Amino acid sequence: MRLRLVLLLGAPLAVFLGVLGGVLALDEKDGRTVAASPSSVAVHLDSQATPTTAPAPTATPAPSATPVVRADCAAIRGTEYQSEAERVWYRQNCPDPTPSPRQVVTAPSSPSANIYGTADRFVMRRLGINAPVNVSVVGPDGTMGNPLGGSDVVLYDFSALPGLGGYPPAGGNTVIAGHVDYICCPAVFAQLRNVVEGDVIDYYTGDGGHYQYVVQWYGDYPPDTNWASLLSGGPNIMTLITCNGTFDPRAREYSHRRVVRAVLVASSDGG
């Protein structure tokens, strides 16, 4: 598996992913409801009176609250939806960011020496994911490390490249990658093929912190995508990356990358 970071010439802090022979190659095969009308009511004034039928009362509908819809892609992106109507509006009107391509320089192959283990864990209970987290340090040259095996994930430390990445306790855009398969078998992020909006991500830090995210959107991107906007910082978001699509045994990579974006909804620092 190969992970590379691509630097944009002439654009300070503008960075996106690329691979010599494949970008982010994470393979290692490498009611309708009907309201009932009130019944007519017979009113008897006295025993001598002729029974009369009173008109059915007219129901006055209760005023309904207008659902919150910010109708602003930039304002919604990276935050929690304020209503179901807003979620629908966003999915219909706000395409995933695709910056225009620019001239690029590819970084060298990633050395495994840049990866170290942590006591953090990444959990998505509905998808059956519960994995240890390793940190891959991204140097000034843009080299990105690979997950150490099929059952763990890597969190990218972009501290040498300001404006990219993040970490749950510190905010920003926490960028995490994992294999979709490894050697012969499904790997830790295989079930991201079944992700849905609203899925919950629990991130536990080694010092007792708990950070909960909810999936806001997901999509599949071709390898030559400009990844700058997907990796840049945010208010407190998380971006997951794995492979998807068709596997090419000759190139030993998949045709697309599955990208999942989630937003922070709850946190505790373990103090």
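Preceding this section is the structure that the text describes.
Just so it is clear, the structure is predicted and the values come from calculations on it, not from any experiment. By convention here, each chain's residues receive numbers from 1 onward along its written sequence. Selection of residues for local features in this predicted model requires a pLDDT of at least 70, selection of side-chain atom pairs for listing and counting requires 80 or more, and totals for whole chains, interfaces and linings are taken over all residues. For side-chain calculations, the full set of non-hydrogen atoms in the structure is used, while hydrogens and water are omitted.

Asks: Looking at this structure, how should I read the nonpolar core?
Replies: If you look at soluble globular proteins, the nonpolar side chains tend to sit buried side by side. If you look at the biggest cluster of nonpolar residues, it comprises 22 residues, and the most contacted ones within it are Phe122, Met124, Ile176, Phe189, Ile201, Met238 and Leu240. For this core, the secondary structure elements donating two or more residues are strand E6 (115-124), strand E7 (129-137), strand E8 (153-157), strand E13 (200-204), strand E14 (210-221), strand E15 (236-248) and strand E16 (253-268). By the convention used here, residues are in contact when the closest approach between their heavy atoms is within 4.5 Å. Among residues more than four places away in sequence, those in contact with methionine 238 are Phe122, Pro168, Asn173, Thr174, Ile176, Ile201, Tyr203, Tyr213, Val260, Arg261 and Ala262. We define the nonpolar core as a collection of buried residues of types Ala, Val, Leu, Ile, Met, Phe, Trp, Tyr and Cys that are connected through side-chain atoms lying within 4.5 Å of one another. Partly exposed describes any residue whose relative accessible area lies between the buried limit of under 20% and the exposed limit of over 50%, with all areas from a 1.4 Å probe on protein chains only and scaled to the type maximum. With 19 residues, the next largest nonpolar core counts Ile76, Tyr90, Trp227 and Ile241 among its residues. Numbered from the N terminus, helices here are DSSP runs of H or I no shorter than four residues, and strands are runs of E no shorter than two.

Asks: Please explain the pattern of salt bridges as it appears in this structure.
Replies: Oppositely charged side chains are able to pair whenever their charged atoms sit close together. For salt bridges, the criterion is a side-chain nitrogen of Lys or Arg within 4 Å of an Asp or Glu carboxyl oxygen. According to the stated counting rule, one finds six salt bridges in the structure shown. In this structure, aspartate 202 engages arginine 125 in a salt bridge whose closest nitrogen and oxygen atoms are separated by 2.6 Å. Separated by 77 residues along the polypeptide, aspartate 202 in strand E13 and arginine 125 in the loop between E6 and E7 bring together distant segments of the chain. With its nearest N and O atoms 2.5 Å apart, the salt bridge here joins arginine 126 to aspartate 199. Residue arginine 126 is found in the loop between E6 and E7, and its partner aspartate 199 is found in the loop between strand E12 (185-186) and E13; the two are separated by 73 residues along the sequence. Judged by relative accessible area, arginine 126 falls into the exposed class, the value being 53%.

Asks: Sorry, what's going on with the packing of aromatic side chains here?
Replies: For any pair of aromatic rings, the description consists of the separation of the ring centres together with the inter-plane angle of the planes. The aromatic pairing rule takes the rings of Phe, Tyr and Trp, using the six-membered ring of Trp, and pairs them if the centres are within 6.5 Å, calling planes under 30 degrees apart stacked, those over 60 edge-to-face and the rest tilted. The final tally for this structure, using the stated rule, is four aromatic pairs. Look at phenylalanine 247 and tyrosine 254: their rings are 5.1 Å apart centre to centre, the planes differ by 55°, and that puts the pair in the tilted class. Judged by relative accessible area, which is 22%, phenylalanine 247 ranks as partly exposed. By relative accessible area, tyrosine 254 is classed as buried at 5%.

Asks: Looking at this structure, how should I read the pairing of E16?
Replies: Along a regular strand, successive side chains alternate from one face of the sheet to the other. When DSSP finds two or more bridges between two strands, those strands count as paired. Two strands pair when backbone bridges link them, and E14 and E16 are joined in this way by eleven bridges, in the antiparallel orientation. Each residue of the ladder has a partner; that of valine 215, found in E16, is alanine 262. Where E15 meets E16, ten bridges bridge the pair, whose relative direction is antiparallel. Within E16, the position partnered with threonine 242 by the bridge is arginine 258. Hairpin connection between E15 and E16: a loop of four residues separates the two successive antiparallel strands, and arginine 252 in this loop has a positive phi of roughly 60°.

Asks: What exactly am I supposed to notice about the side chain of asparagine 173 here?
Replies: Looking at the secondary structure, you find asparagine 173 in strand E10 (residues 171-178). Judged by relative accessible area, asparagine 173 falls into the buried class, the value being 0%. Apart from the residues within four sequence positions on either side, asparagine 173 is in contact with Gly165, Gly166, Leu230, Leu231, Ser232, Gly233, Gly234, Ile237, Met238, Thr239 and Arg261.

Asks: How should unusual backbone geometry be read in this particular structure?
Replies: Most peptide bonds take the trans configuration, and most residues that are not glycine carry a negative phi. A positive phi angle is found at alanine 71, which is not glycine, with a value near 50°. Among the secondary structure elements, alanine 71 is positioned in the loop between strand E4 (52-54) and helix H1 (73-76). For alanine 71, a relative accessible area of 46% gives the class partly exposed. Its identity is not glycine, yet isoleucine 183 carries a phi of approximately 60°, on the positive side. Counting through the fold element by element, isoleucine 183 comes out in the loop between strand E11 (181-182) and E12. For isoleucine 183, a relative accessible area of 58% gives the class exposed.

Taken by themselves, the reported measurements are silent on function.
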